[in-house]
Amino acid sequence: MTNPKGRFGIHGGQYITETLMNAVIELEEAYNHYKDDPDFNSELTDLFNNYAGRPSRLYFAKRMTEDLGGAKIYLKREDLNHTGAHKINNVLGQALLAKKMGKTRLIAETGAGQHGVATATAAALMNMQCVVFMGVEDTQRQALNVYRMKLLGSEVVPVETGTGTLKDAVSEAMREWTSRISDTHYCLGSVMGPHPFPTIVRDFQAVISREIKSQLLELENKLPDVILACVGGGSNAIGSFWHFINDKDVRLIGCEAAGRGVDTFETAATIATGRLGIFHGMKSYFCQDEYGQIAPVYSISAGLDYPGIGPEHAHLHDIGRAEYVPITDEEAVNAFEYLAKTEGIIPAIESAHAVAHAMKIAPSMNKDKVIVITISGRGDKDCTAIARYRGENINE
Amino acid sequence: MSNIHKAFENGKAFIPFITCGDPDINTTLETVRAAVEAGADLIELGIPFSDPTAEGPVIQAANLRALKGGITTDKIFSMVEDLRRDIKIPMVFMTYANVIFSYGTEKFISRAHEIGIDGLIIPDLPFEEKEEFLPACHKYDVDLISMIAPTSENRIAMIAREAEGFLYIVSSLGVTGTRSEIKTDLAKIIEAVRKNSKIPCAIGFGISTPEQAKKMAAISDGAIVGSAIIKILAKYGTQAPRYVGEYVKAMKEAVR
Ligand SMILES: Cc1ncc(COP(=O)(O)O)c(C=O)c1O
């Protein structure tokens, strides 16, 4: 049998170079030691509440609900967290863990820049060095976040290899970790990569579903009928799903970036167009050609522009516990503008993929049904790109 | 058991790495032949991958050049068939797990055996995951070559005990690429291997000059060189085989 460590069904594992093996083993041991440690957890809760601003709101989107005319819609407001996205949950956990392990330097990959900003923030807070790898294409799409990271004291390395997007940033961060391990923790930004990252990141993001569950019980005295979240690597989605996985009546739906459509090559919808493979330390589904070369994926959303999906999602898909749907650029941009106009909330273009699916399914659902959409981040960072998509240049 | 042990019966081994299809198949064919003629003991053939995470800039660029040139796994299989008509020394494939897995593990490994490949080096396949490919490797008599890194420490014995073919000792932290200095205490690592296994040890990563190769071979059973050869290919393109031949000759003389 293959290595049972860090497996989700057939997915997951530790497909990395020998050079990194002791580093991930050390990380796993440290995590197992601290995850149930009361001091560690009270420190983390304190950071969540007093620094990141948790718990995040579960907001009833009244106008959107009325306008769509079906299910009641609640928004889980991860966009209101400090630094503007769910990424901070994972980063505070990992940075605290790294600190306990005696590491003094954090490295990270970033797509949209939200995970990079969160890592740079935690590094500043905890007095650690920080280097963020970002695809050169994304440094242009997300220039504001590049500036934020630098302002926070982090070095930003533009990655020019491959397609100059998120996958190349992950590869480069892995290469950097291989060359400098003793003082450096690789703060991976999603539920992907080799074990133990998919588990660690999921556990730190699980706060999202823990809160949704208790908040909705208080507001509606019931469980949600549907939970919607966008999926890049899948961290905000697994965080939103986790405490509902055993509640079989709750539909869990992950929204993937279809880019220009799943019937084109310009897509990043892994479940819709990928197949089983081994990459970036894990067995999972990947967009690839017949010879296993990783496909150059595309989405308007830098944070979803990744050719793979976390191994636990791959497993939830296999066993039919969660569904994964593709959402095109056009649908996401429409949803981005729709939420701004109906609720006065500008979501991240990533999160807008989840909003778009709610717009499709809510109208035909009964009024006593409840949909929770995780708004994984806020959309300020995307305004330039969306304006450009609509043919407007706001940076003259 | 494969033929890999034969590579270590001719003094210390010199093992060149060549990315298949960089810049084209014909150049690879000629480069391999030139290297063999110049005294190479084992040839490491790289099957390009789009995202080679263990590779530094030089080999990354070679992978991209080869893929741009339209190389595929099937074309490489045919190329090796051609080579095997006259090349008798052991040859191994170096590639990433997805290239093998995606082709179909059994299909890939049985075909590799058929065309005369002796072993596989898979940088993103650590000891813990080798069951992914080991059953097929054993079925078709292809050695699955393990790596030991400067960070392996307490893992050396475990890896060495189950090693087959030869052990690839990674000289330094980081990715492939030439280095001016190799600082790892490799003698100590090799001593730990010898306590657990009789398997030959070849050192790779960072070696480029005859002096370095000589030093590395003195404490092990051979030296592996990749980036330095790829640089010659990048510089001379289709004219490279001659220059690679000269380089291999100098290196083999140094390690002998
Ligand atoms: C706001 C936002 N949402 C979602 C994602 C996608 O990541 P994940 O699927 O891990 O939640 C990103 C990644 O950059 C992001 O910035």
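Parameters and conventions
- Residues numbered from 1 in each chain as written.
- Chains lettered and ligands numbered in written order.
- Predicted model: local features only at pLDDT ≥ 70, side-chain atom pairs only at ≥ 80, totals over all residues.
- Heavy atoms only, no water.
- Helix = DSSP H or I, 4+ residues; strand = E, 2+ residues; numbered from the N terminus.
- Rg over C-alpha atoms; globule rule 2.2 N^0.38 Å.
- Buried < 20%, exposed > 50% of the residue type's maximum accessible area, 1.4 Å probe, protein only.
- Contact = heavy atoms within 4.5 Å.
- Areas by Shrake-Rupley, 256 points an atom, 1.4 Å probe, with all protein chains shown as cover.
- Lys, Arg positive; Asp, Glu negative; His and termini not counted.
- Charge placed at Lys NZ, Arg CZ, Asp CG, Glu CD.
- Phe/Tyr/Trp six-rings, centres within 6.5 Å; stacked < 30°, edge-to-face > 60°.
- Pairing = 2+ DSSP bridges.
- Axes fitted to C-alpha atoms, helices over the stretch in contact; angles between N-to-C directions.
- Core = buried A, V, L, I, M, F, W, Y, C linked by side-chain atoms within 4.5 Å.
- Arc of directions from axis to C-beta.
- Buried area = accessible area lost by both parts, 1.4 Å probe.
- Salt bridge = Lys/Arg side-chain N within 4 Å of Asp/Glu carboxyl O.
- Polar contact = N/O pair within 3.5 Å; in protein donor to acceptor, adjacent residues only side chain to side chain.
- Nonpolar A, V, L, I, M, F, W, Y, C, P; charged D, E, K, R; others polar.
- Disulfide = S-S within 2.5 Å.

A. How the structure looks around the overall build of chain B. Helix and strand content of chain B: eleven helices and nine strands. Relative to the compact-globule value of 18 Å for 256 residues, chain B shows a C-alpha radius of gyration of 16 Å, a close match. Over its C-alpha atoms, taken along the principal directions, chain B stretches across nearly 45 × 40 × 30 Å. Buried positions account for 66% of the 256 residues belonging to chain B. Look at the contacts in chain B between residues 6 or more apart in sequence, and 72% of them connect residues 24 or more apart. A total of about 9600 Å² of accessible surface is found on chain B, and carbon and sulfur atoms cover 51% of it. For chain B, the distance from the average position of its 29 positive side-chain charges to the average position of its 33 negative side-chain charges is 5 Å.

B. Just the packing of aromatic side chains, in detail. Under the defined criterion, the tally for this structure stands at 17 aromatic pairs over all chains. Aromatic pair F49(B) and Y96(B): ring centres 5.5 Å apart, planes at 25°, arrangement stacked. Highlighted residues: F49(B) in the loop between β2 (43–46) and α2 (57–68) and Y96(B) in the loop between β3 (91–94) and α4 (97–103), separated in sequence by 47 residues. On the basis of relative accessibility, which here comes to 2%, the residue Y96(B) falls in the buried class. Relative to Y243(B), the ring of Y236(B) has its centre 3.8 Å away and its plane inclined at 10°; by these criteria the two rings are stacked. Among the aromatic residues, those joined into a ring-pair cluster are F279(A), F286(A), F49(B) and Y96(B).

C. Quick peek at the sheet that holds strand β1 (residues 7–8) of chain A. Residues and elements named next belong to chain A. Spatially, the four strands line up as an open sheet ordered β1-β2-β12-β11, and their pairing is antiparallel. What marks the edges here is a single partner per strand, and that holds for β1 and β11 (275–279). Together, β1, β2 (11–15) and β12 (281–286) form the strand contacts of helix α13 (residues 311–318), whose direction differs from that of β12 by roughly 45°.

D. Here's a closer look at unusual backbone geometry. Omega for the bond connecting R54(A) with P55(A) falls within 30 degrees of zero, at -10°, which places this linkage in the cis form. Tracing the chain through its elements places P55(A) in the loop between α2 (38–51) and β3 (58–60). Geometrically, the link from D22(B) to P23(B) is a cis peptide bond, its omega value of -5° lying close to zero. For T83(A), which is not glycine, the phi dihedral falls at a positive 75°. Within the secondary structure, T83(A) is located in the loop between β4 (72–77) and α4 (87–100). Classification of T83(A) by relative accessible area gives buried; the value is 8%. At E153(B), a residue that is not glycine, the phi angle is positive and equals roughly 40°.

E. The nonpolar core, seen in detail. Membership of the largest hydrophobic core comes to 188 residues, with the highest contact counts inside it found for F93(B), F108(B) and F166(B). Residue contributions to this core peak at nine residues, all from helix α1 (residues 18–34) of chain A. Grouped together as the second largest cluster of nonpolar side chains are 34 residues, V226(A), Y298(A), L339(A) and I375(A) included.

F. How the structure looks around helix α3 (residues 73–83) of chain B. Residues and elements named next belong to chain B. Among all positions of α3, only T73, I76, F77, M79, V80 and L83 are buried. All buried residues of α3 project into a common sector of 160° when viewed along the axis, lining one side. Residues of α3 that are buried make contact with α1 (25–37), β2, β3, α4 and α5 (105–114).

G. Geometry of the interface of chain A and chain B. With 38 residues of chain A at the contact, the number on the chain B side is 41 residues. Across the interface of chain A and chain B, roughly 3100 Å² is buried in total on both sides, 52% from carbon and sulfur atoms. Taken as a group, E18(A), R175(A) and Y291(A) account for 26% of the area that chain A buries against chain B, more than any other trio of residues on that side. The tally of links between chain A and chain B comes to four salt bridges. For the salt bridge of E18(A) with R155(B), the shortest nitrogen-to-oxygen distance reads 2.9 Å. There are 24 residue pairs in polar contact (both at pLDDT 80 or more) connecting chain A and chain B. Secondary-structure elements contributing two or more residues to the side of chain A that touches chain B are β2, α1, α8 (166–179) and β11 of chain A. No other element matches α8(A), which puts eight residues into the side of chain A that touches chain B. Here the residues of the side of chain A that touches chain B sort into twelve nonpolar, 16 polar and ten charged.

H. Focus on the state of the cysteines. Under the definition given, this model contains zero disulfides over all chains. Cysteine C255(A) shares no disulfide, and the gap to the nearest cysteine sulfur, in C230(A), comes to 7.6 Å. Here C201(B) is not disulfide-linked; the sulfur of C137(B) is the nearest cysteine sulfur, at 20 Å.

I. Structural view of the environment of C187(A). All names here are of chain A. Looking at the secondary structure, you find C187 in the loop between β8 (184–186) and α9 (197–205). By relative accessible area, which is 0% here, C187 ends up buried. The spacing of C187 and H115 is 72 residues in sequence and 9.2 Å in space, taken between C-alpha atoms. The contacts of C187, once residues within four sequence positions are left out, are V91, Q94, I107, A108, E109, H115 and T119.

Worth remembering: the numbers are spatial, not functional.
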